[in-house]
Amino acid sequence: MTSSSSTLPYGVDTMQKMIEVVKNAREAEFNLEHHVTGIARLLSRFAIWRFLYFHGQPHARLVSHQTVYNKPKHETSLLFTLFSITFFSVPRECLRDIKKLWTDDLVTATAWESFMDKKLKEWTDLIFPVMQA
C-alpha cells in the first residue's frame with residue numbers, strides 16, 4: 001500500500017474500510033452468518049488478486065507495470081508517428097502512460113483513478129486559458 005507502483009488493487013481508504021469491517025465483525029456477537037458471508041467475499045477478492053498476480057510463484061508480478069509474459073513489443077504505426085510529431089509527442093506520451101497502466105490486460109482501480117485525475121487536470125489547464133480569451 002505504500003509503493004507508488006503497488007500491485008494491490010485497492011487504495012488506502014478502501015483497505016482501511018475493509019479492516020474496519022473485519023474488526024466490527026469480530027466484535028459483533030449477533031447475526032454471525034452475515035458477518036461470515038461478508039468476510040468471505042472480502043477474502044475472495046484477495047484470492048482473485050493473488051491468482052492474477054501470481055502470488056508466491058517464481059515469476060510473480062512485483063510491480064504493477066511489470067509483465068510476467070514474454071510478449072513481443074508492439075511497434076507504433078507510421079500514421080501514429082506522424083500524429084505524434086504533429087501534436088508535439090502528446091499522443092506518444094499518452095500511449096506510454098496507458099501501456100504502463102494496462103499491463104497484461106490488467107488495470108487496478110487506483111492506478112486508473114490517478115491516471116484519469118492527471119489527464120483531467122491537464123485538460124482543464126489547457127482549456128481554461130482558452131475559455132478566458
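As the structure is a computational prediction, the values presented were derived from the model and not from experiment.

A.B. asks: Sorry, what's going on with unusual backbone geometry here?
C.D. replies: A negative phi holds for most residues other than glycine; trans holds for most peptide bonds. We note that phenylalanine 88 has phi near 55°; this positive angle belongs to a residue other than glycine. If you trace the backbone, phenylalanine 88 turns up in the loop between helix H3 (78–86) and helix H4 (90–101). A residue is classified by how much of its surface remains accessible, and phenylalanine 88, at 73% relative accessible area, is exposed. Backbone geometry places serine 89, a non-glycine residue, at a positive phi of 65°. Mapping serine 89 onto the fold places it in the loop between H3 and H4. Here serine 89 falls in the partly exposed class, since its relative accessible area comes to 26%.

A.B. asks: Mind showing me how you'd approach the side chain of aspartate 97 here?
C.D. replies: Relative to the assigned elements, aspartate 97 resides in helix H4. Residue classification places aspartate 97 among the buried residues on the basis of a relative accessible area of 15%. Within the structure, aspartate 97 has its side chain in polar contact with the side chain of lysine 118 (distance 3.2 Å).

A.B. asks: Is there a simple way to explain the packing of aromatic side chains in this structure?
C.D. replies: Two aromatic rings, taken as a pair, are described by how far apart their centres are and by the angle between their planes. In total, this model carries 2 aromatic pairs according to the counting rule given. Here the aromatic rings of phenylalanine 83 and phenylalanine 87 are separated by 6.1 Å at their centres, their planes lie at 15°, and the arrangement is stacked. Relative to phenylalanine 115, the ring of tryptophan 112 lies with its centre 5.6 Å away and its plane at 40°, an arrangement referred to as tilted. Of this pair, tryptophan 112 and phenylalanine 115 both sit in helix H5 (residues 109–132), 3 residues apart, roughly one helical turn. The buried category is assigned to phenylalanine 115, whose relative accessible area is 9%.

A.B. asks: Just checking my understanding: could you explain the environment of valine 63 for this structure?
C.D. replies: You can see valine 63 is positioned in the loop between helix H2 (32–52) and H3. Sequence spacing of valine 63 and tyrosine 53 is 10 residues, and the spatial spacing of their C-alpha atoms is 9.6 Å.

A.B. asks: Looking at this structure, how should I read the nonpolar core?
C.D. replies: When a protein is soluble and globular, its nonpolar side chains tend to lie buried together. Within the largest apolar cluster, 9 residues are counted, these being Leu8, Tyr10, Met15, Met18, Leu42, Phe46, Trp49, Tyr53 and Leu106. Elements with a contribution of two residues or more to this core: helix H1 (12–27) and H2. The leading source of residues in this core is H2, at 3 residues. Not counting the four nearest positions on each side in its chain, tyrosine 10 is found in contact with Met15, Met18, Arg45, Phe46 and Thr110.

What counts and what doesn't
- Residues numbered from 1 in each chain as written.
- Predicted model: local features only at pLDDT ≥ 70, side-chain atom pairs only at ≥ 80, totals over all residues.
- Heavy atoms only, no water.
- Helix = DSSP H or I, 4+ residues; strand = E, 2+ residues; numbered from the N terminus.
- Buried < 20%, exposed > 50% of the residue type's maximum accessible area, 1.4 Å probe, protein only.
- Polar contact = N/O pair within 3.5 Å; in protein donor to acceptor, adjacent residues only side chain to side chain.
- Phe/Tyr/Trp six-rings, centres within 6.5 Å; stacked < 30°, edge-to-face > 60°.
- Core = buried A, V, L, I, M, F, W, Y, C linked by side-chain atoms within 4.5 Å.
- Contact = heavy atoms within 4.5 Å.

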